[in-house]
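Descriptive analysis of the structure
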Amino acid sequence: MPNLFDPIQLGSIKTSNRVFMAPLTRGRADKNAVPTELMIEYYTQRATAGLIISEATGISRQGLGWINAPGIWNDAQIEGWKPIIKAVHDKGGKIVCQLWHMGRLVHSSITGEQPVAPSPSTAPRYIHTYEGKKPYEEARALRADELPAIVADYAKAAQNAIKAGFDGVQIHAANGYLIDEFLRDGTNHRSDQYGGSPENRMRFLREVTQAVINAVGAERVGVRLSPNGEVQGTVDSNPETVFVPAAKMLQDLGVAWLELREWKENSDFEFAEETDQPILSPKIRKVFTNPLILNQNYTAEEAKEAVASGHADGISFGRPFIANPDLVHRIKNNIAWQKSEIKTWYGIEYGPKGYTDYPFAS
């Protein structure tokens, strides 16, 4: 039986174990989306993860509306990432860059333009801006002739990530951001070739994935989906009809691995609503035969069982890695997990507090 601590091959990436660090927005880049020196220690501390999936990283100014989040669309950002990646590699770790376009979940005060989405809509709740919390703005519908440029942004960002030294990239197609907004009928009300049927709603994901594969090679590409439930106001009425075929499409395109963030009982993901939509990983497992990584509130024992049973090939942990930089060691040795301080999750003003000052277990 496979073991959570066995190595695994993800395309061109060989990991030392199957405990992955999920992407975690932390807000420690500068206002120009350039990674800061503080981020070097943060990622290096967590280099014992089998694979670090970087915090979500903007592919363009249009698509990056989270304050103090990093980007990967210009030379300054590439240079900012280089020492972080080198430090992780020097510790024997592997790291990929998660490519992010936030769609309607941005604010014009940050991006300089009205949010964009498949269809006109407004996200619920509020967004953090440099002027404080503000309600989301109505997004305008993207024209079909605008989409090739966004697809090209994904491809260029992937090339930039490899130039910076990342071992690969992950396309963020989950959690109510732009690609997810296209996938789900709750936010995609289009009547053109990008809307209506599940096949049409999958078109943008297919075009982005193919472009990124063409740019850096399928062996360096992973994808993240969130198949069930409502997240950040984005939901689908019949997710099985779109996400199972989408997984099959990704398998056919040859992506190296797929990560699923699935809402399950006792989840506490702050932007997801409770749902009775079933998890789809068992059905996706049948059509996606490359490595499948699962995420969402796994305990150590649940993670071990999921891998041993073959339900997953690895498990990614998000919030546990905030307060436990040595999470792999803690899981392996049955050491209790520390709890993180919520108020320091996001914000460069906190500096190292709640970021790099959590102690390692002896």
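As a reminder, the structure under discussion sits directly above these lines.
Please read these numbers as outputs of a predicted model, since none were measured by experiment.

A word on helix H4 (residues 147–164)
End to end, H4 covers 26 Å across 18 residues, agreeing with the expected 26 Å (1.5 Å per residue, within 8%). Looking at the packing, one finds that the buried side of H4 touches helix H2 (75–90), strand S6 (95–100), strand S11 (168–172), helix H5 (178–183) and helix H7 (203–216). Phi turns positive, to about 115 degrees, at Gly165, one or two residues after H4.

Digging into the side chain of Arg46
With respect to the helices and strands, the residue Arg46 is situated in the loop between helix H1 (38–45) and strand S4 (51–53). Here Arg46 is buried and forms no salt bridge, its nearest opposite-charge partner Asp357 lying at an N-O distance of 7.4 Å. At 2.8 Å, the side chain of Arg46 and the side chain of Gln45 are in polar contact. Sequence-distant contacts of Arg46, defined by excluding residues within four places in its chain, comprise Met21, Ile52, Phe321, Ile322, Pro325 and Tyr355.

Section: the environment of Ser340
Turning to its location among the elements, Ser340 is positioned in the segment after helix H12 (327–332). Along the backbone, Ser340 and Phe288 are 52 residues apart, and their C-alpha atoms lie at a distance of 34 Å. In contact with Ser340, other than residues within four places in its own chain, are Ile322, Ala323, Trp345 and Tyr358. At 2.9 Å, the side chain of Ser340 forms a polar contact with the side chain of Trp345.

So, how was this worked out
Residues numbered from 1 in each chain as written. Predicted model: local features only at pLDDT ≥ 70, side-chain atom pairs only at ≥ 80, totals over all residues. Heavy atoms only, no water. Helix = DSSP H or I, 4+ residues; strand = E, 2+ residues; numbered from the N terminus. Expected span 1.5 Å × (residues − 1). Contact = heavy atoms within 4.5 Å. Buried < 20%, exposed > 50% of the residue type's maximum accessible area, 1.4 Å probe, protein only. Lys, Arg positive; Asp, Glu negative; His and termini not counted. Salt bridge = Lys/Arg side-chain N within 4 Å of Asp/Glu carboxyl O. Polar contact = N/O pair within 3.5 Å; in protein donor to acceptor, adjacent residues only side chain to side chain.

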